[in-house]
Structure formats: C-alpha cells, structure tokens
Amino acid sequence: MQRYFDESLRELLTEIRSSRNEANRAGEGARSEKRLSTSVSDNIADVSNNVVSGSVSAAVEAAERDLIRKPLSGQAVANVESLIHASKVLEKLSILPLVNEPMEAREGFEGFLLQTYYDGDRGVVAVKLYDDRSGRIGVYFDTTGYKPYFLTDIPPDKLQEIPQVVKHKGFDHVEVVEKFDLLRWQKKRVTKIVVKTPDVVKQLRDKVPRAWEANIKFHHNYIYDFGLTPGLRYRVSSGRLELVGGDVSEEAEQFIRKVFSGEDESIVETAIRWFPLFEQPPPKPRRLAVDIEVYTPFKGRVPDASAASYPIISVAFASDDGLRVVFILARPGVVGGEPREGVKEGVHIEIFDDERALILETFRLIANYPIVLTFNGDNFDFPYLYNRALKLGIPKDVIPFKPTRSYMSLKYGIHIDLYQFFSIKAIQSYAFGNAYKEFTLDAIASALLGEHKVEIESTVSDLSLLELVRYNIRDAELTLKLTSFNRDLVWKLIVLLARISRLPIEDVTRSQVSAWIKSLLYWEHRRRGYLIPSRDEIIKLKGEVKSEALIKGKKYQGAIVLDPPSGVFFRVVVLDFASLYPSIIKKWNLSYETVNPVYCPGSKIVEVPDVGHKVCMSNPGLTAQIVGLLRDYRVKIYKKKAKDKSLPEDVRAWYDTVQAAMKVYINASYGVFGASSFPLYAPPVAESVTAIGRYTIKETVKKAAELGLRVLYGDTDSLFIWNPDEEKLEELQKYVEENFGLDLEVDKVYKFVTFSGLKKNYIGAYEDGSVDVKGMVAKKRNTPEFLKKEFSEILNLLGSVNSPEEFVKVRNHIREKLRTVYTGLRELDYNLDELAIRMALNKPLDAYTKNTPQHVKAARQLARMGVQVLPGDVISFVKVKGKEGVKPVQLARLAEVDVDKYVETMKSVFEQFLAAINMSWDEVIGSSRLELFLRKNS
DNA sequence: GCGGACTGCTTACCT
DNA sequence: ACAGGTAAGCAGTCCGCG
C-alpha cells in the first residue's frame, strides 16, 4: 500500500498540469486571456469575482466534448497499480452522459414507485419509477388529466356568487361529490373546486367560508386518490399506474383471517390489503454517496453555501457497486503529502487543475445514480455545488439538481440527505434507541457503525492533498455505510416507512413522524370515502380537556410515576404492559370521532375513568383500527417471524426491519393527538389514553398488593416487583389480561436494583454483571468526562456483587476509590477535556434573553473570537475562577480551573448513588479533607 | 449591601 | 413541532434586616 506514492506527488502534479493543458485547451477558450498555467495559481484569488459571460456555455460544451467525454485522456491517476481498477471504473463512467434527465416511462414500463412530484413545465404530476432490471429510472407523466382541487360545502350555484373564485384565471370547474362525514356520522355532499395549477388552491381556499382538504400537497393527493403505495412495484398500463405483485394468495389470506379472527370485517379487509407492503421484496437501486470539501480562509466557520465564494477543493464518492473516487483540486502551495498518510487501496484519485472540470465530472457521476446520498446535502453540499457551478459559468441545465421549496432534489434520481433522516426524532429514539445524541456524521457513525471521521488538526483548507483525500473519502464511505450496515437496514427501513406512510422517498426521509401518520390517515380516509375533517372543526367539537397537567404549561395530565424507596433490593422482576398506549387506543376504540361523539349510532357508550370522556363503542374508530392493526401485525406476526429460525437469515432481517418500522409508528401514535400542530389534533383522545393508562397501572398495583406482591417502583407502564413468587406473578398477569385485555410481560429480571429514592433514577444489575443506569447525573451529557469514567469503574465493582453480604466489601472499595478521585481532583490530576462540561445550544445565541446560562456565556466568548456557534452545537466549557465563571475549553488554561465547583459536581454525581447504598458524602470524604490537609502541610 | 427563599429558565433525562 | 413527568443547576428577584 505504501509504495503507491513512491514518487513525490509534487512532481506528479507538474506532469498532470502539462498533460491537462492539451485536454483543457478547448475548455479554456472562454478565458483566453488567462492561460492554464496561470489559472492554477489564480484558482483561489480569481474565483470569487468570476463573471459569467455568454461564451462560457460554449466553453462548457467544448470541455464536455474534449474533457468530460474522454476522461482518461489527460487523466491524473496518482498511482500505477490503482490505474487498472480506476480505468475499469472510468471506462464504465466515460460512456455516461453528463446530463441525465430520466426517460419517459411509457406503456408497459415497470418499476418501483420512488417519488411523485409536480412537473411545472408539463403541468402534470410525474412519477419516478425504478426499473430493477435495467437499473434505470423512468418517469410516468400523468395522462388521466388529474388536476388540483379542494372541497367546500357551498353548492355550485351559490359558488357562482363568489366571482373571486369562479372568475379566477386558475379556476377550472366544479363537481359535486359525496363524502362521509365521520365526525358527525352522516353523508355529506360537497363541492369540489377544481383548478388548473397547485398554487391556485392556496389562493382560493380562503375565498370560501369553509374549505376542506385544501392543505394537501398536489403530488400527495395524487397518491391518495389513485390509492398508490410508494415503494411498491407498478406498471404503466392503459396510461395508468397499475400495482404489480399486490395480490394476496389464498393461503396468505386464510392466515391473515386467522390472525385477525374476531375483528370487524373492515379491519380484516384492511389487513389483507396491507399485506404486500410488508412482503414484497424491496428494490435495491445503486446508491452513490457524495461529500464535498470547500476551501475557506476562516477557521471555525462553515463556508456560506449561498455565496459559494471559495473553491471546491475535493469531492469524494463511494457507491455500493464498489466505486471509491476522490476528485481533488491542485492548489498552489499545497503539497501532495506523505505516502504513509495511508489512503486505502482501491481509492481512485483524480487530480484536477481546473475547478470547473472537477465540478462537471462530479455532476456526471451524480447524474447517473438512481439514489444519491449526502450528509447535509440539502443545506450544504448541493447548494454549494449549485451556486459554485453558476458562478463558474456552468449553465443551469447541466446541473443535475433542482432546488425545491425545502430541499435539493435530483433531476434523474432520488436524493436522500441522511442528516435529515437521522434528525427525525422518532428514528433517533424508536429505531435506534437513542444510540446517538448529536446529529453529526461522526456521532451517528460512531454510535451505529463504530467508525469515526478522520481526525484533523485544524481545517480541511490546511491539509495536504493526500490528507484531504483520506479525510474526504472517509466521509463519503461513512455516509454510504449508514444506509448499508446491517444488511441495508436503513435503506429497507426507508422503503418500509414510505410504504406505510404512503409518502414518496424524498418526502418521508425529510419529515417528522407526525407527517407520516398524517399521510397514512389521509390515505385511509380517501380510500374509504371519508371527508378529512379540518383542524378547526375537530377543535370546536373536541377541544376540551378535563384534567390538569402537573407541569406548568402542559395541556393535560400524563402518566404516573410511583415513588421509589431508597436502598438495594435483590432479585427484582420488572413487568411492563406491552405497547400500553397503542393497546389502549385499540381496546378502548379511541379516535377523534368516537371520543365525545357527536352521534353514536348504536349508543354503546363507555366512560373513561378519571376524566369522564364518553367513548362510542358501536363501530371501530378509524385511528383505533389503524393503530390496532399495526400493533397486531407487529406483535402477532412480524416479531415472531423476525425470530423464526427456520427462515433464512436475510428474510429474518427483513422481518425484523418490518417490525421496527411498525414500532416507530405505533410508539408515536398517541403523541400526535396531543400535539396542537397535528391536523387531526384531538386533546380528549390523548387525555383519555393517559387517563386509562393511569387507571390501569393503579388497579394493577392494587391487585398486586392483594396478592402479596411487593411493588417497589413503577413508571407509566412498568412495575418493579421485589423477589416475587412465580405463581403470584402469573396470577397478576392473568388478572391484567382478563380485566384490561392487556399483556403484562416480564421485561427483565435484575439481580439487584439500587434505588436512590428519586424517581426515574436507579441502577439495575443483571445476573451476568452488566448494568442499566437510568437517569443518574453520572449519565448525563453535561457531566464532565472524568466523573463519568470514575463512575463507570465503580459500576464495574458494583456489577460483580452477588449477595447482600458481598456489598459490605464493595462499600469499602467504593469508599477508597472515591477518596482517590477526590484527592486527585484537589490536585488537578485531570486535563481540560476531562473536566469539560458539554451542553447543547438549543436556540440562536441572541434568543437567550431571559437569562444567560453558563453554556451560553461560554458560547458568546467563542462568538467573540470569530467562531460560528449555531443552534444544535454542543458547547464544551470548564468552570473557572473569576467573574464570568466559565470559559470554553478552547480558551481555558488548567491553572484557572475552579476546583471547588468541580468538587460540588463530584458530590452531586456520587450522592445519588451513595444514597442507595446508605453511605454519605461526608463519611466518605470527611477524612480525606483532613488527610489532604496534613499531607500538604507536612 | 447581602444572603436565603423562591421562581423561572434551560437542559437532559425516563416512559 | 408526537406527549407529559422528574431532576438539577443556575440566573434573577424578592424580602428581611434596626
């Protein structure tokens, strides 16, 4: 590997430059006043005031002809051995066109539905389909004459009296349609106002007193009206999209009927209809990850993508078909770097002496992949490339992206920005169990892949070319791996989320879980001919809550937390109600139309405990059906299939992803009804869920007491039982099943639990010595690293304890350990990084107006130094002596650290734990103070 | 003018 | 913009105090 660069790269660069001269001559035509040899040195100085002239596009054409179409001529390949690999790659690439508008999907075209969008030029909805046989994307342009519309209750003749509507130039026509009004449980005739373009809906919806379904994106409406499911296979047939492979076999249908036996027929019918979503194998389009690096003279500041003032110095690509390429810009005064910097084998490096050529090559690659991955491409890489290209005179139609309202979309393929995807809170918490806490490539890759970014001393602008290559390619590889690890887990998850939500891929990867649930519910409303209620009418009819939240500013009361004791308890069984809230929604038939119903057809009404809402049980509520279906599918079918050893491993992995996708949905299903931003916001629904939850756990605690079980603690849906009798436990489970129709499962068994006496705060140790630490200060991000380290060492001591007797010994160990740490701290045996407190900035600096927390103080000091600080940034600071009290790590010295403050922090970290083992800080540290005093004065 | 009691703001956690 | 509940640290304020 080391012999790759046995020549000095610098020498090589000279060669490249001259060989490029030939190839570039045509491309330089437009800038004839500047010879290529000077353009290299001008690269940095000249770009910021580059003016786009008319002759440039001719130059681009020429460059395309001479340079781009024959990339091997004048190609700088940095080593001989990789040339063989590289030429194979490039051979493949060199036949690819620069601009790649997808071909039209005509009659008979078959492919997976990836994306719908509005094609403004043609004025129709367009659908991107991925054909897995050719590996190409085709676009189906709607031929049914589908137009944008919204609904109102004004009859057509009365509508004629509103000229602003019917005389509007975008107005097309009206139709009368019949819908079912779930909220009022009656048929309703509404007027459909059909218009020419989507923007007209926005202009006209306020011109009528009441409008429905006027806030749905045109290309989403298309999906709902045609009953499409993104992620499934379709064929263009008789000018329409026809589902392929959506049939459910007789055998499968019988199986589903058995699983859902006893349910209402409408639920069984939906269950059968959904089956292909979980069973059809996912498409596997080729994926390309792209990452760019930009020169900037300002350290600690992210280059401004809208200005794009400085050159793109490197672009790295990694694809799942094995491509590893870095395009790098030769810059005057920047050395090649040492061979031993260790660029991995198989990475093909191309050195460009012209930034424009580099960008054009980049575009050509991007334009040829059906899926392009970035990390923050929406807000940085793609806008930068876009604006930089324009600045360098590259015409728009050569650029493979088009900016949409909220993100960067691709002309040919699909752009997935993984920063957006991993920032989705439901993904972070439900799919990955909060494994990562910050939304940076490094944090996410470390947590999920166990791999890191390449560490660099200062900024990318200061790196040698080889260091830059190494850094850049790692980012691209990590980005790719984030979708491919664990048998393409993330890609499959995205496909499944698209199928369940019915949102296109570019939409589902950029929206929060509330948008997914909204979309799924809209789709089902449309399918069943229900009018989608407006937010206002739901609030008017269902706005009232009956409980008061314990937390100021919240809308209604939530879960209960039992008061835990303090102390150590051996053999603790933790029971929990399986999917408590979703199960409640299903069992109690909770839905916006069933809670406090306007009309309950069979008058079968039950009352919610505590809050007294009335629930109509006569017909299955819509949201109860959907949530219940996902829950049952997950529990009764896919959790089992995921563990079925008789299935091949990759099939099991798929089913595991299926159940994970369902988990994300059902976990969020309660919360959205309590979120005022949700279009189907129904506070009494959310309030009923938590009230029933409280009722259920309280009754279960009562029963447990009757059975002689000792309940130590419980939070929302869990009960900690001390050394229970097996039979009594089973009896309790039976009681819960019979009385509430819920599953009370044994979640875990702890060898022992140490409770501090505080809620949401305990350590549970398993038989094998591993431990769960919950809520303790030692676990929090804003606790200095040295304390976390020392704490985890104490945890190791603790995990080894097997009996109450052994605790005595461990207590002594712990006491000694703490004393050592204490004296070490007094003598400042730690460095600044170990002492740093990390805290996130949740708002822009100037939004902290009420007071100035310490991390904001530190951040303001950084800002004064010219370092950019943005919301989401985690500030590392240390506590120091002096007026401000804090300093960012970068600016602090060890000598100014305020040791007393750190002793306080140490005390609070360990007191929580000492409380559990019945020790006090003073008894542990008291004598240490004396010892330290004596030692210092001896 | 200072310190303790208190409230409110902010963050990070748990379910 | 999925929810509420708990804990901690600190900033800022009020009040008492001859």
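Residues numbered from 1 in each chain as written. Chains lettered and ligands numbered in written order. Predicted model: local features only at pLDDT ≥ 70, side-chain atom pairs only at ≥ 80, totals over all residues. Heavy atoms only, no water.

Some remarks on the overall build of chain A
Part 1 of the argument: In terms of helices and strands, chain A carries 30 helices and 29 strands.
Part 2 of the argument: Considering chain A as a whole, with its 938 residues, one finds that 55% of them fall into the buried category.
Part 3 of the argument: Expressed as a percentage of contacts within chain A between residues at least 6 apart in sequence, the contacts between residues at least 24 apart total 71%.
Part 4 of the argument: Surface exposure of chain A reaches about 40500 Å², of which carbon and sulfur atoms provide 49%. (Helix = DSSP H or I, 4+ residues; strand = E, 2+ residues; numbered from the N terminus. Buried < 20%, exposed > 50% of the residue type's maximum accessible area, 1.4 Å probe, protein only. Contact = heavy atoms within 4.5 Å. Areas by Shrake-Rupley, 256 points an atom, 1.4 Å probe, with all protein chains shown as cover.)

Considering the protein's contact with DNA strand B
Part 1 of the argument: In the vicinity of DNA strand B there are 23 residues, among which Lys-552, Asp-717, Arg-781, Lys-843 and Tyr-848 approach most closely.
Part 2 of the argument: Arg-781 is positioned with one of its side-chain polar atoms (N or O) 2.7 Å from a phosphate oxygen of DNA strand B.
Part 3 of the argument: In the environment of DNA strand B, a phosphate oxygen lies 3.0 Å from a nitrogen or oxygen atom belonging to the backbone of Ala-840.
Part 4 of the argument: Where the surface near DNA strand B is concerned, the elements lending two or more residues are strand 26 (771-774) and strand 27 (837-840).
Part 5 of the argument: Looking at the surface near DNA strand B, its residues break down into six nonpolar, six polar and 11 charged. (Near = heavy atom within 4 Å. Polar contact = N/O pair within 3.5 Å; in protein donor to acceptor, adjacent residues only side chain to side chain. Nonpolar A, V, L, I, M, F, W, Y, C, P; charged D, E, K, R; others polar.)

Some remarks on the side chain of Ser-583
Part 1 of the argument: On the secondary structure map, Ser-583 appears in helix 20 (residues 580-587).
Part 2 of the argument: Residue classification places Ser-583 among the buried residues on the basis of a relative accessible area of 4%.
Part 3 of the argument: Ignoring sequence-local partners within four residues, the contact set of Ser-583 consists of Ala-578, Arg-631 and Leu-742.

Examining the pattern of salt bridges
Side-chain pairing between opposite charges can occur once the charged atoms of the two side chains come close.
Part 1 of the argument: Evaluation of the coordinates by the stated rule reveals 48 salt bridges.
Part 2 of the argument: For Glu-110, the salt bridge identified is with Arg-133, shortest N-O distance 3.3 Å. In this pair, Glu-110 is assigned in strand 2 (residues 110-119) and Arg-133 in the loop between strand 3 (124-131) and strand 4 (136-141), connecting sequence segments 23 residues apart.
Part 3 of the argument: Note on Glu-110: relative accessible area 15%, which makes it buried.
Part 4 of the argument: On the accessibility criterion, Arg-133 (63% relative accessible area) is exposed. (Salt bridge = Lys/Arg side-chain N within 4 Å of Asp/Glu carboxyl O.)

Notes on the packing of helix 25 (residues 785-799) against helix 29 (residues 899-916)
Packed helices, taken two at a time, are described by the angle between their axes plus the distance between the axes.
Part 1 of the argument: Orientation of helix 25 relative to helix 29, taken along the N-to-C sense of each, is 25 degrees, at an axis distance of 11 Å. In terms of orientation, helix 25 and helix 29 fall into the roughly parallel class. For helix 25 against helix 29, the interelement crossing comes out right-handed. Contacts between helix 25 and helix 29 involve Phe-786, Leu-787, Glu-790, Phe-791, Ile-794 and Leu-798 from the former and Tyr-902, Thr-905, Met-906, Val-909, Phe-910 and Phe-913 from the latter.
Part 2 of the argument: Grouping the amino acids of the contact of helix 25 with helix 29 by side-chain chemistry returns 10 nonpolar, one polar and one charged. (Axes fitted to C-alpha atoms, helices over the stretch in contact; angles between N-to-C directions. Parallel < 35°, antiparallel > 145°, perpendicular 65-115°, else oblique. Left-handed = near helix turned anticlockwise from the far one by under 90°.)

A word on the packing of aromatic side chains
Part 1 of the argument: According to the stated counting rule, one finds 49 aromatic pairs in the structure shown.
Part 2 of the argument: Ring centres of Tyr-146 and Phe-218 lie 5.6 Å apart, and the angle between their planes is 10 degrees; this geometry places the pair in the stacked category. With Tyr-146 in the loop between strand 4 and strand 5 (149-152) and Phe-218 in helix 8 (residues 218-225), this residue pair connects regions lying 72 residues apart in the sequence. Considered together, Tyr-146 and Phe-218 belong to a single accessibility category, that of buried residues. (Phe/Tyr/Trp six-rings, centres within 6.5 Å; stacked < 30°, edge-to-face > 60°.)

Observations regarding the confidence of the model for chain A
Part 1 of the argument: Within chain A, residue pLDDT values average 86, and 88% of them lie at 70 or more.
Part 2 of the argument: Ignoring residues within four places in sequence, the model shows residues 1-92, a span with pLDDT below 50, making 141 contacts including any to other chains. (pLDDT = per-residue confidence, 0-100.)

Comments concerning the state of the cysteines
Part 1 of the argument: All told, the structure shown has one disulfide when counted by the stated rule.
Part 2 of the argument: Here Cys-600 connects covalently by a disulfide to Cys-616, the sulfurs 2.1 Å from one another. Where Cys-600 bonds to Cys-616 through sulfur, the torsion about that S-S bond is close to 75 degrees, and the disulfide is right-handed. Residue Cys-600 is located in the loop between helix 20 and strand 20 (605-607), and its partner Cys-616 is located in strand 21 (residues 614-616); the two are separated by 16 residues in the primary sequence. No difference in accessibility class separates Cys-600 from Cys-616, as the two residues are buried. (Disulfide = S-S within 2.5 Å.)

Side note on the protein's contact with DNA strand C
Part 1 of the argument: Around DNA strand C sit 31 residues, and of these Ser-514, Ile-551, Gly-558, Ala-675 and Lys-879 come closest.
Part 2 of the argument: In the model, a phosphate oxygen of DNA strand C is placed 3.2 Å from a nitrogen or oxygen of the Lys-554 side chain.
Part 3 of the argument: Separating a phosphate oxygen of DNA strand C from a side-chain N or O atom of Lys-857 is a distance of 3.1 Å.
Part 4 of the argument: For the surface near DNA strand C, the secondary structure elements donating two or more residues are helix 22 (649-673), helix 28 (854-864) and helix 29.
Part 5 of the argument: Taken together, the residues of the surface near DNA strand C sort by class into 12 nonpolar, 12 polar and seven charged.

Thoughts on the sheet that holds strand 28 (residues 874-879)
Part 1 of the argument: Pairing in this open sheet of three strands is antiparallel, and the strands run 27-28-29 from one edge to the other. Looking at the sheet topology across the chains shown, the edges are occupied by strand 27 and strand 29 (886-888). Averaged over all pairs of adjacent strands, the angle between their axes in this sheet comes to 40 degrees, without regard to strand direction.
Part 2 of the argument: Pairing analysis gives three bridges linking strand 28 to strand 29, with the strands arranged antiparallel. Paired with Lys-879 across the strands is Val-886, a residue of strand 29.
Part 3 of the argument: In this fold helix 28 packs onto strand 27, strand 28 and strand 29, with an angle of close to 50 degrees to the strand it touches most, strand 29.
Part 4 of the argument: Sheet strands touched by helix 29: strand 27 and strand 28. Its angle to strand 28, the strand with the most contacts, is close to 115 degrees. (Pairing = 2+ DSSP bridges.)

Quick notes on the UniProt feature "domain: DNA-directed DNA polymerase family B multifunctional" (unreviewed entry) in chain A
Part 1 of the argument: In the numbering adopted here, UniProt assigns the feature "domain: DNA-directed DNA polymerase family B multifunctional" (unreviewed entry) to residues 508-899.
Part 2 of the argument: Within residues 508-899, the helical portion is 44% and the strand portion 16%, while the C-alpha atoms at the span's ends are 49 Å from each other. (UniProt positions renumbered as here; feature names shortened; annotations may be inferred.)

Observations regarding a negative patch on the surface
Part 1 of the argument: A cluster of like negative charges, contributed by Asp-725, Glu-726, Glu-727, Glu-730 and Glu-731, occupies part of the molecular surface.
Part 2 of the argument: By the secondary structure assignment, Glu-727 is in helix 24 (residues 726-740). (Patch = residues over 30% accessible without salt bridge, like charges linked within 9 Å, V, L, I, M, F, W, Y side chains within 5 Å. Lys, Arg positive; Asp, Glu negative; His and termini not counted. Charge placed at Lys NZ, Arg CZ, Asp CG, Glu CD.)

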